[in-house]
Each structure stands twice: as C-alpha cells, then as structure tokens.
Amino acid sequence: MKRIRQVSLLLAAAALLTCGCSRFSTKPLSFTGMAFDTVIAVQIYDSVDEEVLEHCKTMCSEYEQKFSATIETSEISQINSAGGAPVAVSEDTIELIKKGIYYSELSNGAFDITVGSVSSLWDFKSEEPIIPSPESIAEAKKHINYDKIVISNNTVTLTDPQTKIDVGAIAKGYIADRLKDYLKSQGVKHAIINLGGNVLAIGGKPDGSSFNIGIRKPFHEEEEPLTTVKIKNKSVVTSGTSQRYFEKDGNLYHHIIDPASGYPCNNGLNSVTIITNSSLTADALSTTCFLLGPDKGLRLVNQLDNVDAVFVDTNNEITYSRNFLKK
Ligand code: ADP
Ligand code: MG
C-alpha cells in the first residue's frame, strides 16, 4: 500500500515535470530520487559535467542530515531532545529557524515553527493511521509557542524542554534555493528543481519560453492539472490537504495543523499555491496562507510585492491574487 502510494507520488512528480518540460530538442541531464520523505528531481538543460548533478544529490542528503525530524542525530532532533540545554548548530539551521520565527510572527502564530510537539503525534503515512487522543493533543499543544526559541550566535535553546521545532513547512524551499545558488555558480542557466512538488525554475526553457507548471487538482493527482502557470526564474509551491492525509470515519485528517486546536486546519481551503522568486518564501507563504484561511491569506498576499497566489477551495473553485502574474 505504502509502496503504491510512493510510486504514484513519483508518477505525479514526473507528470508535473513532463508537463513543464516537453518539446526540448536535447535531453536534459536529470536525476529522480527520494529524499525528505518525498520524490525529488533536478533537470538541467545546459551542458554541465555529471558531477554537478552528483553534487546536488550530496547537498540534498547533507541537508536531510541537518533538518530531518526523523533522523535522531540531525541538528533539529538534537535541539528538540536537548531538554532545554543550548545546542550549537550550523548556519543553515540558524537561518532556517529564523525564517520560521519570522513567519510565525507574521501570522501571529497561525503558522508556528514549534508545532512539532503536536505534529509529531500524527502519522499520516501509517498503513493504519491513528487519531491521537484528545488528552495527548491538549497536553502537547501547550508547548507550541515560537517565543520558546532562543537563538544566540550559533546556539539554539528551547526554554520549554517539551517544545519541538518542526521545519517541515519551510525546509524544502530553503534547500531548493541553496541548490539554485549552487547550480548558478556552476553556470547553469536553464533548470528545474522539484523537491516533492516544491518547484523552482532557473531561467526558462532553452528556447527562451517559460516553463509550464501544473497546479494539480487536489485529490485527483492523475487527472489534468486544475490550471498551469508559466514561469521563468520563479518558484511554485503548493500546500494543501491532499499532500499528506488519511480519512477515518468520513473525516479528513491532513498534515497542516492549527496550533490553536492541535487538529488539522479545516477552513474551506483545499490548497494554496504561491509563485515568487524565492522558494523559501513560496514554501513558507503557501503554508502560512493556508493556515490564515481564504480571507486573511489572500489579504496578506495582496500586500506583498512580486508574490502571486492561487487559492483553491474545497469545491475546487479558484481565486487568484490581485494582479495575478501581471507584470
Ligand atoms: P509539504 O510538506 O507537503 O511541502 P507544507 O509546506 O505545507 O507541505 O508543510 C506542511 C508541514 O508543515 C507539515 O507536515 C508539518 O511538518 C508542518 N506544519 C504543520 N502545521 C504547521 C503549522 N501550523 N505551522 C508551521 N508548520 C506546520
Ligand atoms: Mg510550506
């Protein structure tokens, strides 16, 4: 069952790339693999050494070793299990946590980088998923509060030993940006980085046209995309209920948690897609806007320069941000 789901995820990711990258005369240099618990792919349309692609894979596994919540030795796990003691970590981890705090403040805690005490109670990948008990959720939720993170130089301290950082909503965006920096430093001008649907384009297609990126119809991955966007030098990131979920007794339980209730956030949205230059910003804002809901989320996006959004409600009705992709 799990295997079937992984394969279909792989196909879904592949479909998205095929849709974006057909009709090239030269075959891109590419790899597809698994990392961050999802399918990742990099396609380069310039002639570069195979080693460049290899280095991208190495970068992905190094970042996974730093950020993963499931690797006990990762820097994030070390912070979470330190019992309130300071933990020295890399600059990447400091920067990522600072970004997480920024979006937690921006959304007044609707997005909260310390959602880990509750999110770790939920397992959306299990063959037989269990709904955590109301008591365990009520207890765990007390420890969500980004104010409990203290950063001093290269150390991170959680002032509440039960608080847990969860970088799941922003890590892939951060890593995609770092892969982009590296590829550009190697002279790459045309490429697509896809970390589990977190898409970042370097330039456009070699013929000068834009990449087409499909925005999938939630829960209908195999069908035609709901809509497509044309991008050059931009990232497209979607957060939604159909990314990781299970159904039980007619209810949908998904992985975006409302810190106020400790339960999945159900607010009439199926997904939010953000299109902007930085993949970190797109990743963080897609989750943040989902959590803020259709009204506040759209209001936030409409205040920001150079950020476009597609909100899809539970009837798959689409609302675009003001001036959507108009330049
Ligand atoms: P995906 O992981 O599919 O890319 P998102 O970027 O929307 O999707 O991130 C969802 C992840 O964010 C969850 O799996 C969890 O790790 C984390 N998360 C869940 N709820 C919150 C929240 N309220 N604030 C911050 N992060 C959250
Ligand atoms: Mg996100």
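Please refer to the structure higher up on the page.
Rules and cut-offs
- Residues numbered from 1 in each chain as written.
- Chains lettered and ligands numbered in written order.
- Predicted model: local features only at pLDDT ≥ 70, side-chain atom pairs only at ≥ 80, totals over all residues.
- Heavy atoms only, no water.
- Near = heavy atom within 4 Å.
- Polar contact = N/O pair within 3.5 Å; in protein donor to acceptor, adjacent residues only side chain to side chain.
- Areas by Shrake-Rupley, 256 points an atom, 1.4 Å probe, with all protein chains shown as cover.
- Helix = DSSP H or I, 4+ residues; strand = E, 2+ residues; numbered from the N terminus.
- Nonpolar A, V, L, I, M, F, W, Y, C, P; charged D, E, K, R; others polar.
- Domains from an automatic or database assignment.
- Pairing = 2+ DSSP bridges.
- Axes fitted to C-alpha atoms, helices over the stretch in contact; angles between N-to-C directions.
- Contact = heavy atoms within 4.5 Å.

**A short note on the site of ligand 1**
Then, number 1: Residues in contact with ligand 1 amount to 17 residues; listed here are only the nearest, D112, D166, S239, I257 and T287.
Then, number 2: Contact between ligand 1 and D112: a nitrogen atom at 2.9 Å from a main-chain N or O atom of the residue.
Then, number 3: In the model, an oxygen atom of ligand 1 is placed 2.7 Å from a nitrogen or oxygen of the S239 side chain.
Then, number 4: Relative to its unbound accessible area of 570 Å², ligand 1 is 92% covered by the protein chains.
Then, number 5: Per element, the largest residue contribution to the shell around ligand 1 is three residues, and it comes from helix α8 (residues 279-303).
Then, number 6: Residue classes in the shell around ligand 1 are distributed as eight nonpolar, five polar and four charged.
Then, number 7: Viewed by domain, the shell around ligand 1 spans two of them, domain 1 (7-66 + 173-325) and domain 2 (72-158), each represented by three or more residues.

**Points about the sheet that holds strand β1 (residues 29-35)**
Then, number 1: Read across the sheet, eight strands follow the order β1-β2-β6-β7-β10-β13-β14-β15 without closing on themselves; strand pairing throughout is antiparallel. Looking at the sheet topology across the chains shown, the edges are occupied by β1 and β15 (318-320). The mean inter-strand angle of the sheet, taken between neighbouring strand axes irrespective of direction, is 10 degrees.
Then, number 2: Bridge count between strand β13 (residues 269-276) and strand β14 (residues 308-313): six bridges; the pairing is antiparallel. Paired with I274 across the strands is A309, a residue of β14.
Then, number 3: Helix α2 (residues 50-67) rests against β1 and β2 (38-44) of the sheet, and its axis sits at about 15 degrees to β1.
Then, number 4: Strands in contact with helix α7 (residues 171-185) are β2, β6 (191-195) and β7 (198-202); relative to β6, the strand with the most contacts, it is inclined by about 155 degrees.

**Some words on the environment of G33**
Then, number 1: With respect to the helices, strands and loops of the structure, G33 is situated in strand β1.
Then, number 2: Considered as a pair, G33 and S278 are 245 residues apart in the sequence and their alpha carbons are 23 Å apart.

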